[in-house]
Structure formats: structure tokens, C-alpha cells
Amino acid sequence: MKNRVEKVIQFGEGGFLRGFADWMLQKINEKTDFGGSVVAIQPIKDGMCDMLTAQGCVYTHLCRGIEGVEVQKNYVISRCVKPYDDFDAYIALAENPDFRFIISNTTEAGICFSTDDKITDRPANTFPAKLTQLLQKRFELELSGFVFLPCELIDKNGETLKKCILQYADLWNLGDGFKTWIENENIFCNTLVDRINTGYPKDEKIDLDYEDNMINTSEYFHLWVIDGYSDLFKELPFDKCGLNVIVTDKLEMYRTRKVRILNGAHTSLVPYALLEGFDTVKSCVDDARMNEHIRKCVFDEIIPTLDLPADELKAYADDVLTRFANPYIKHYLSSIALNSVSKFKVRVLPSILEYIRRFGKAPETLCFAFAKLIEFYRTDMTNDDAVVAEFMKSASVDEILKNENLWGEDISHLGSEIKKYVD
């Protein structure tokens, strides 16, 4: 193992970052002269850093799918730091000028602001507050700032993180100089991440010639779309390693692609499939009738409503169907069915309305899926807000489509297309 320079501070030591960002950084180290390592921060009091440290921060990652199995021995993490146990060691990270990138995955709720946080806390409670403490020390030392690559699944995650830091700067009276340094010397990238990480294989025996209590597993597919940093590949050469990392100024198009194709395929399938007695996504892909339903929704009716190049959209859709067929992932339809009405509004309805706008007629398969959604809510299988579930169970199709609280607008003009499929 070559000597490496600590270049990345990573907030989060769980399965996702170890199987996503760290998996990529390990490949970069193996295939280029990047020569960087990661310091993993445990952002909450209880976590996995002790287990990781106990085995020298080395762990095995398995990518598994119909493509086969890829085994990677990952040693990109140099050490772990636990701010709740050793706050001084955490703040000391600000002193190292080699640190350039900050990666995070603190869950969707992690990027938030609280007036209860104080700069004197050791550490502050929220992730942005802890980060502000580190940045304030960095500013005092007159060192350069960072490139932030947050992986939290919220819209405009980089912008939101920056906003929270500036709120703490005001709350803690850190001064205009600090805020100017945040604005001018740091780069906050909005990102979109996509990979299913299945974590430690609890119910399996993985044959290795060494003991590993931190084995991590994921699917093969990975995607990292990064907005706002054109020189990224000069510093992090993802492009030299065949990694699916896209730097773009059109991140929202990729977000829409994911929501409409991946999530839209799920949501247009699940009610129908549950009504027909299926239990997992894979069981649907393996069934000819259900597979045809998914393909008609995606290739015939969703893709024609999107603006990215057609070959790119079709390649992504092919990847989605490959992911759905992964024998190592049991994705239960009942789990995806949670809050199906609100999901249908965001994931499927826009495709229906855009299809009508572009082609002057309704998309038959997506309207069929809408009818099956209504039928599904007339059963006892639903898991949704009690008010929504009760209304959907008792209301007529016309009443449902007119309910602007559910859909954001009156969509009763879809009535004739939906009714012909409702039993």
C-alpha cells in the first residue's frame, strides 16, 4: 500500500458512502496517481467507527447483480474521528492544508439549522453546525476552503448546506470576513446520487480468506451527477476510471430523469402488481405480462416526455430494468407502496400531462396505472395518511380527479381515460 495524503473529509461512515464515494475513490487510487485518502467523521454519537477502526479501516465491498460479483478490498479510509469523543481531534482537521474535499451523507434530515446550537458546544448538534465550527477554525488559520460534495437526497443539497452555514455565521456573530470567505473560497456543489447499497449481508455467509465485520454490499449501478464545478475531473479523475460520474449544468434534467423513469416505473407498477398478487419488483420483471407493462410505461410513454438525448434516456432505462432484476435485492412492493398517492403526483402524473401536451392524446398504459392506483386504494393493502386513504377508498373517480389537494390541480379532464380501466 502506497503512502497516501489525506485529501477528503467525509461526514458519515455508514454503508452508503463506503459503497459509493469510497468505492470510487479506491478505484481512482488504483488506476491514477491521485494518491488520496479519506478521514471518516462519525457525525452522531453512536456509529460504526469503532468497528471500522478495529480492523484498520479496511473492509470488503461487493457489487452484486445479474452482471456477476465484483469484490473490492477497500483501504481508502486512513482513520476515523469521533467529535463526541475527541472534539479537539475533529477541530484539528482544519489545520491540514491538504484537505480539499468534504463529502457527506447525513440523511435527508441532516442538512438543517437549529438556533439551539452554540459555537462553544463540543460538538454542536447539527451537521451544518459542526461543519461551521470546523470552517471557522480553517478561516482563522487563513487556509484555503473546500469543495463540498454532499450526497444527502434533498433538492439543491449544496446550496442548502451553504445557506445553513451562513445562518450559523449570523447566529454566532462570526463576522462579514468569515461569510465572505465562505462565499469566495469554498465551492458548494449540488449533486444527485443513485446507487442501492444493501449493507452488511446479515443472512448470508460470504467466503473470504480473512475476517471482516464491515463487509458492505451494493448493486453494480452507480451514478453521481455533480453541478457547478467544471474542473472536478482535474482534481478527482473519475473520468479516467470508467466511473459513471457526470459534471453538468443541467442537474435538474438528470433529477427529472431519475424521478420519472426509475421512481415513475416503480409507482406505475406497484398498485397493479399488488392487486395481481406479486410481492417484489424482481417477481414483476420475471413475469412477461408485468415486464411488458413496465416497458410500455417507460419506453413508450415516459421517455418521449423527457428532453435529454433519446439514446441516453434509453440506456438509463435499460439500466433501470437490469437493476429491477437484481437477484441480490429483495425490493418489496409493499414498501414502495407507502404514500402512493403523493408519489404518483410527483413521479407519474407529470409524465401523463406532458404526454398529452406533446402528443394531443392520453398515454394509455400510464392511465391504466392510474386506474389501478384508484382500485388499490379501495382495498385494505394501502399504507397512507388516514385522511387520504379514507377519501380514496370512498370517493368516486370524478371526485378523486377533481381533488386539487391531492394532485395540485383539477385533473378531471382525465376522467374518460381513467374510467375505462376502473373495475
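Residues numbered from 1 in each chain as written. Predicted model: local features only at pLDDT ≥ 70, side-chain atom pairs only at ≥ 80, totals over all residues. Heavy atoms only, no water.

Undergrad: Give a detailed account of the overall build of the protein, specifying residues and quantitative values.
TA: Broken down by element type, the protein carries 20 helices and 12 strands. Expected size for 423 residues packed as a compact globule is a radius of gyration near 22 Å; at 24 Å, the protein falls within 12% of this value. With respect to the three principal axes, the spread of C-alpha positions in the protein is 70 × 55 × 40 Å. Across the 423 residues of the protein, 54% fall into the buried class. The contacts of the protein with a sequence gap of at least 6 include a subset with a gap of at least 24, amounting to 73%. A total accessible area of about 18,700 Å² is found for the protein, and carbon and sulfur atoms account for 47% of it. Of the side-chain charges in the protein, 50 are positive and 67 negative, and the distance between the mean point of each set is 2 Å. (Helix = DSSP H or I, 4+ residues; strand = E, 2+ residues; numbered from the N terminus. Rg over C-alpha atoms; globule rule 2.2 N^0.38 Å. Buried < 20%, exposed > 50% of the residue type's maximum accessible area, 1.4 Å probe, protein only. Contact = heavy atoms within 4.5 Å. Areas by Shrake-Rupley, 256 points an atom, 1.4 Å probe, with all protein chains shown as cover. Lys, Arg positive; Asp, Glu negative; His and termini not counted. Charge placed at Lys NZ, Arg CZ, Asp CG, Glu CD.)

Undergrad: Mind laying out the packing of aromatic side chains, listing which residues take part and the relevant values?
TA: Summed over all chains, the structure comprises 20 aromatic pairs. With a centroid separation of 6.0 Å and 45° between ring planes, the pair formed by Phe-87 and Tyr-90 is classed as tilted. Taken together, the residues Phe-87 and Tyr-90, both in helix H4 (residues 87–91) and three residues apart, mark about one turn of the helix. Like Phe-87, the residue Tyr-90 is buried in the burial classification. For the ring pair Tyr-272 and Phe-368, a centre distance of 4.9 Å and an interplane angle of 90° mean the geometry is edge-to-face. Of this pair, Tyr-272 sits in helix H9 (residues 251–275) while Phe-368 sits in helix H16 (residues 364–376), and the two are 96 residues apart along the sequence. According to the relative accessible area criterion, Tyr-272 is buried, its value standing at 8%. For Phe-368, a relative accessible area of 18% corresponds to the buried category. In textbook terms, an aromatic cluster arises when at least three aromatic residues are bridged by ring pairs, as seen for Phe-11, Phe-87, Tyr-90 and Phe-127. Across from the ring centre of Trp-23, 4.0 Å away, lies the NZ or CZ of Arg-195, which sits over that ring. (Phe/Tyr/Trp six-rings, centres within 6.5 Å; stacked < 30°, edge-to-face > 60°. Lys NZ or Arg CZ within 6 Å of the ring centre and 35° of its normal.)

Undergrad: Quick rundown of empty space enclosed by the protein? Include the residues and the values.
TA: Tallying each qualifying case throughout the model produces two cavities of 30 Å³ or more. Space inside the largest cavity adds up to approximately 40 Å³. A breakdown of the residues in the lining of the largest cavity according to their chemical character gives three nonpolar, three polar and three charged. By volume, the second largest cavity is sized at about 30 Å³. (1 Å grid on protein atoms, 1.4 Å probe; cavity = no way out; pocket = protein on both sides within 12 Å on 5 of 7 lines; lining within 4 Å. Points joined across faces, edges and corners; volume = space filled by probe spheres on them. Nonpolar A, V, L, I, M, F, W, Y, C, P; charged D, E, K, R; others polar.)

Undergrad: So, the sheet that holds strand E3 (residues 59–65): which residues are in play, and what are the values?
TA: Strands belonging to one sheet form pairs held by backbone hydrogen bonds; the direction of such a pair is parallel or antiparallel. Read from one edge to the other, the open sheet built from three strands follows the order E4-E3-E10, with strand pairing classed as mixed. Both edges of this open sheet fall to strand E4 (68–74) and strand E10 (216–218), since each of them pairs with a single strand only. The sheet shows a mean angle of 20° between the axes of neighbouring strands, taken without regard to direction. Pairing of E3 with E10, which is carried by three bridges, proceeds in the parallel orientation. Directly across from His-61, in E10, lies its bridge partner Asn-216. Each of E3 and E4 is contacted by helix H2 (residues 21–31), which is oriented at about 75° to E4, the strand it contacts most. (Pairing = 2+ DSSP bridges. Axes fitted to C-alpha atoms, helices over the stretch in contact; angles between N-to-C directions.)

Undergrad: Could you give me a rundown of unusual backbone geometry, with the residues and numbers involved?
TA: The amide bond that connects Arg-122 to the next residue, Pro-123, takes the cis arrangement and shows omega of 0°. Residue Lys-156 is not a glycine yet carries a positive backbone phi of 55°. When you line up the elements, Lys-156 lands in the loop between strand E7 (147–150) and helix H6 (157–171). Look at Asn-173: it is not a glycine, yet its phi comes out positive at around 50°. When you line up the elements, Asn-173 lands in the loop between H6 and helix H7 (176–185). Look at Asn-173 and you get exposed, because its relative accessible area is 69%.

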